[in-house]
Amino acid sequence: MKKILAVFDGVNYSGNTSNFGIELAQKTDSLLVGVFLHDLTYSRFVYTYAWDVPTQYYYGFQEIEEQENLKIKENVEVFKKLCSAAGVKHKIHLDNGVPLQELLKESAFADLILIDTTTSFLKIGDRSPSIFLKDLLSEAKSPILILPDKQQVIKDAVIAYDGSDSSVFALKMFSYLFPEWDNLPTTVLTVNHSTSNHIPKNRDLKDLAGLHFKNITYEVLNGEPETEIKKHLRKHPESIVIMGSYGRSTWSRMFHASLSNKLLQDVKVPLFIAHQ
C-alpha cells in the first residue's frame, strides 16, 4: 500500500480518522492524503439559480459559507501539523462541490479510503450509515475501511465468507493491503441457514487463505446471518471485519445492507469492504 485517502467532512474534523491514518501511514510508509470535502449544494436544494435567492437569504448563505471555509482551514492545519509531527508524507486535497462525486474521482487513484461513520452530508435523523456513506460503499473504486466513531485497538480479524467471488476478492485485497496484519488471529466465518457445517469451496479456500494468513481458523455458524454474526462479534469486540461488495451480487443476500448497518451502528467494529 502506497497511497491512503483519509476522508473528512471539511467542517467536522474526525480525530479518529486522522489518528488511525497517521499510524497506518507510518507502518506502511504510505502517502496520506487528507481529502477535505465541502458540500456547496445546500442552497441549491431550494433555489436553482443564484439570482433566484432572495437578498436576505443570499447574505445568510454567504455568511455560512465564509464561516465554513474558515473552519476547514483550521482543520487542514490541524491535520498537517499532526502528520508533520509524526514524520508522515502527506498532501491536502480540498474538494468543493458534490462530495460523493468528488470522492469517487479520487478513489480511482488510491489504494485505500479511510472514513468514519460520523461523516455525513445528507444525514437523515439518526440512521447509520448515512446516505452518502452507503452510496460511497457501492460506487468506490478502491477498498474502504470504515472506522467506528471511537478509536480501538485491532486484535483479530473476521473474514465473512459465503463462497462468492466477492468475499474471496475481499480476503485477497485485505491481505495485499495489510501484510503487517498477517499474524493477527484470523477467523474465516461462514453462516449457514441449515444445520450444515459445510464451507463452500472448502479446499480452494483453505489453500488460498492459509498462504495469506499465518494464524487462521475456520468457523461455521448456523442460523440467521444477521443474528449469528452480531453474536460472534460481541464476543470479539476488538475485531476488524472483512467483507465483499456492499449491496451487490450473492454476498448482499447473506451479508446484506441491514447487517452492515448494524455492525457499524450497534457492534461498532472497523469494517473493510472491497468489491471488484
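See the structure shown above.
Residues numbered from 1 in each chain as written. Predicted model: local features only at pLDDT ≥ 70, side-chain atom pairs only at ≥ 80, totals over all residues. Heavy atoms only, no water.

Caption draft 1: Spotlight on the pattern of salt bridges. In this structure the tally under the stated criterion is 8 salt bridges. Salt-bridge contacts for Lys231 lead to Glu228; the nearest nitrogen and oxygen are separated by 3.9 Å. Here the residue Lys231 and the residue Glu228 both occupy positions in helix α7 (residues 225-235), the gap between them amounting to 3 residues, near one helical turn. Residue Lys231 is classed as partly exposed on the basis of its relative accessible area, which comes to 46%. (Salt bridge = Lys/Arg side-chain N within 4 Å of Asp/Glu carboxyl O. Helix = DSSP H or I, 4+ residues; strand = E, 2+ residues; numbered from the N terminus. Buried < 20%, exposed > 50% of the residue type's maximum accessible area, 1.4 Å probe, protein only.)

Caption draft 2: Highlighting the side chain of Glu228. What makes Glu228 buried here is its relative accessible area of 16%. Apart from the residues within four sequence positions on either side, Glu228 is in contact with Val191, Leu221, Asn222 and Gly223. (Contact = heavy atoms within 4.5 Å.)

Caption draft 3: Broad picture of the environment of Leu233. Examined against the element boundaries, Leu233 turns out to sit in helix α7. Spatially, the C-alpha atoms of Leu233 and Lys268 are 9.4 Å apart, while their sequence positions differ by 35 residues. Ignoring any residue separated from it by four or fewer positions in sequence, one finds Leu233 in contact with Val158, Ser239, Val241, Leu263, Val267 and Val269.

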